[in-house]
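Close look at the chain arrangement
Each chain, letter by letter, is given below.
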There are 2 protein chains.
Amino acid sequence: MDAIDRKIIAALRDNGRATYAELGRHIGLSASSVHERVAKLEAAGVITGYHAVVDPRAVGLDVTALVGVQPSDTASDDAVADALAELEEVESCYAVAGDDAFVVKVRVPTMDDLELALGRLRRIPGVSRTHTTVVLSTRFEGRPNNTALAGGGTNGT
Amino acid sequence: MDAIDRKIIAALRDNGRATYAELGRHIGLSASSVHERVAKLEAAGVITGYHAVVDPRAVGLDVTALVGVQPSDTASDDAVADALAELEEVESCYAVAGDDAFVVKVRVPTMDDLELALGRLRRIPGVSRTHTTVVLSTRFEGRPNNTALAGGGTNGT
DNA sequence: CCTGAAATGTACCGCCG
DNA sequence: CGGCGGTACATTTCAGG
């Protein structure tokens, strides 16, 4: 993982559909070399996938909420996390330090759906309490973070 | 925005580098038709971009935290949001209802860097208080949510 | 890491239902 | 209007050096 890999990663994070030829031109490498490096980055698990990003509101997901989930002592965290993963409305799930065991991001079409989703959350065996923070607006999200990339990386290999 | 568009969106969210030919085969449409539909979805702002997803730990971002930010009364929320956007460590920023005005997701290499980042956060003019929740593990993140896609769409046009 | 060449895919055209 | 086929062009994806 050298400076060229970091450039490739930055470029692909910016435009996941960039062609290898395009990347090569931008970096000063042949398309085949870029292809080979990308394949290695994928195989090494550095690049985990490519995804189209869809405007949530354009597909009717107008309500976002961050929900703290507090399990009762009787349930294992893993079991609760698995149950959370079953709920389609739960987009992300973090195990956290602090008052709650998990914080999840929920996205639903309407407030009514949020109420339904929270009901489903609370019906999960072992969930004793939820603490909901409604998102009023998303200022920015999933922005590239090159702190480590620029700083010269760790050695994954 | 019909059922075919929704299939295309779902497929591209799953694999953002899928070729038009591939999408066409999977859906039962010619590559040119898929190309035209995707172009329209991009122009309409439904698909906002394509991005490679990088394993944060593979690039040395080992620490994640959710930070509630409480501005003082003297600063406008927009000014604070702009200042938050200046910090590279801040990956996402949500304006929220509740005790805090914003919740931001911060990613940094180490705990020391988290301390530094929180210091920078608090030095933003108008930020009076921060409340940090350290993420112990990311169970899943940015998962597709087809609640609305499946449920029949809104009319963006 | 590059060159070269065959297979594949894209992008744009007019045409059709 | 949306979908289809065809074609020149670009890209991918091998081989080998």
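Residues numbered from 1 in each chain as written. Chains lettered and ligands numbered in written order. Predicted model: local features only at pLDDT ≥ 70, side-chain atom pairs only at ≥ 80, totals over all residues. Heavy atoms only, no water.

**What to know about the protein's contact with DNA strand C**
All residues adjacent to DNA strand C are Leu29(A), Ser30(A), Ser32(A), Ser33(A), Glu36(A), Arg37(A), Thr19(B), Tyr20(B), Ala21(B), Arg25(B), Ser32(B) and His35(B). Among all atoms of DNA strand C positioned within 4 Å of the protein, those belonging to sugar or phosphate total 79%. At 3.0 Å, a side-chain N or O of Ser30(A) approaches a phosphate oxygen of DNA strand C. Side-chain polar atom of Ser32(A) to a base oxygen of DNA strand C: 3.4 Å apart, as the coordinates give it. Contributions of two or more residues to the surface near DNA strand C are made by helix H3 (31-43) of chain A together with helix H2 (20-27) and helix H3 (31-43) of chain B. The biggest single contributor to the surface near DNA strand C is H3(A), with four residues. (Near = heavy atom within 4 Å. Polar contact = N/O pair within 3.5 Å; in protein donor to acceptor, adjacent residues only side chain to side chain. Helix = DSSP H or I, 4+ residues; strand = E, 2+ residues; numbered from the N terminus.)

**Some thoughts on the sheet that holds strand S3 (residues 90-96) of chain A**
Spatially, the eight strands close up into a barrel ordered S2(A)-S4(A)-S3(A)-S5(B)-S2(B)-S4(B)-S3(B)-S5(A), and their pairing is antiparallel. The mean angle between the axes of side-by-side strands here comes to 35°, regardless of whether they run parallel or antiparallel. Of the strands in this sheet, strand S5 (127-140) of chain A together with strand S2 (63-71), strand S3 (90-96), strand S4 (102-108) and strand S5 (127-140) of chain B touch helix H4 (residues 77-86) of chain B, which is tilted by about 90° from S5(A). Of the strands in this sheet, S2, S3, S4 and S5 of chain B touch helix H5 (residues 111-123) of chain B, which is tilted by about 145° from S5(B). (Pairing = 2+ DSSP bridges. Axes fitted to C-alpha atoms, helices over the stretch in contact; angles between N-to-C directions. Contact = heavy atoms within 4.5 Å.)

**Let's talk about the UniProt feature "domain: HTH asnC-type" (unreviewed entry) in chain A**
UniProt's feature table lists "domain: HTH asnC-type" (unreviewed entry) at residues 1-62 of chain A, given in the numbering used throughout. For residues 1-62 of chain A, the end-to-end C-alpha separation is 40 Å, with 53% helix and 13% strand making up the annotated structure. (UniProt positions renumbered as here; feature names shortened; annotations may be inferred.)

**Digging into the nonpolar core**
Counting residues in each nonpolar core, the largest one holds 25 residues, and the members touching the most others are Val67(A), Leu84(A), Phe102(A), Val104(A), Val106(A) and Leu121(A). Breaking this core down by element, the ones donating at least two residues are strand S2 (63-71), helix H4 (77-86), S3, strand S4 (102-108) and helix H5 (111-123) of chain A. One finds Val104(B), Val108(B), Leu114(B) and Leu118(B) within the second-largest nonpolar core, a separate group that totals 24 residues. (Core = buried A, V, L, I, M, F, W, Y, C linked by side-chain atoms within 4.5 Å. Buried < 20%, exposed > 50% of the residue type's maximum accessible area, 1.4 Å probe, protein only.)

**Remarks on the packing of aromatic side chains**
Going through the model one piece at a time under the given rule, you end up with zero aromatic pairs over all chains. Above the ring of Tyr20(A), the side-chain terminus of Arg17(B) is found at 4.9 Å from the ring centroid. Seen from the ring of Tyr50(A), Arg17(B) lies directly overhead, with NZ or CZ sitting 5.2 Å from the centre. (Phe/Tyr/Trp six-rings, centres within 6.5 Å; stacked < 30°, edge-to-face > 60°. Lys NZ or Arg CZ within 6 Å of the ring centre and 35° of its normal.)

**Some points on the layout of surface pockets**
Looking at the second largest pocket, its volume works out to about 640 Å³. Taken together, 26 residues make up the lining of the second largest pocket; nearest its centre are Asp100(A), His131(A), Thr133(A), His131(B) and Thr133(B). Those elements that provide at least two residues to the lining of the second largest pocket are S2 and S5 of chain A together with S2 and S5 of chain B. (1 Å grid on protein atoms, 1.4 Å probe; cavity = no way out; pocket = protein on both sides within 12 Å on 5 of 7 lines; lining within 4 Å. Points joined across faces, edges and corners; volume = space filled by probe spheres on them.)

**Some details on the protein's contact with DNA strand D**
Taken together, 13 residues lie around DNA strand D, and Tyr20(A), His35(A), Ser33(B), Arg37(B) and Lys40(B) are the ones closest in. When the atoms of DNA strand D within 4 Å of the protein are sorted by group, sugar and phosphate make up 77%. Counted by class, the surface near DNA strand D contains three nonpolar, six polar and four charged residues. (Nonpolar A, V, L, I, M, F, W, Y, C, P; charged D, E, K, R; others polar.)

**As for the domain arrangement of chain A**
By domain assignment, chain A separates into domain 1 (3-51) and domain 2 (56-134). Put simply, the middle of domain 1 of chain A and the middle of domain 2 of chain A, counted by C-alpha atoms, are 35 Å apart. (Domains from an automatic or database assignment.)

**Some thoughts on the relation of the copies chain A and chain B**
The two copies are related by a screw operation: chain A maps onto chain B through 180° of rotation and 0.0 Å of translation along the axis, at an RMSD of 0.1 Å. Taken together, the turn and the small shift mark the pair as related by a two-fold rotation axis. (Least-squares fit on C-alpha atoms with pLDDT ≥ 70 in both.)

**Some words on the environment of His131(A)**
Residue and element names in this part refer to chain A. The residue His 131 is located in strand S5 in this model. By relative accessible area, His 131 is classed as partly exposed at 43%. As for His 131 and Arg 120, which are separated by 11 residues in sequence, their C-alpha atoms are 14 Å apart. Ignoring any residue separated from it by four or fewer positions in sequence, one finds His 131 in contact with Leu 66, Val 67, Gly 68 and Asp 100.

**Things to note about the interface of chain A and chain B**
At the interface, 67 residues of chain A touch 66 residues of chain B. Of the roughly 5800 Å² buried between chain A and chain B, counting both surfaces, carbon and sulfur atoms make up 55%. Across the chain A-chain B interface, the total number found is two salt bridges. One salt bridge connects Arg139(A) with Asp78(B), and the closest N-O pair in it is separated by 2.9 Å. Mapped onto the side of chain A that touches chain B, the elements with two or more residues apiece are helix H1 (3-14), strand S1 (47-54), H4, S3, S4, S5 and helix H6 (147-150) of chain A. For the side of chain A that touches chain B, the residue count by class is 35 nonpolar, 17 polar and 15 charged. Bridge count between S3(A) and S5(B): four bridges; the pairing is antiparallel. (Buried area = accessible area lost by both parts, 1.4 Å probe. Salt bridge = Lys/Arg side-chain N within 4 Å of Asp/Glu carboxyl O.)

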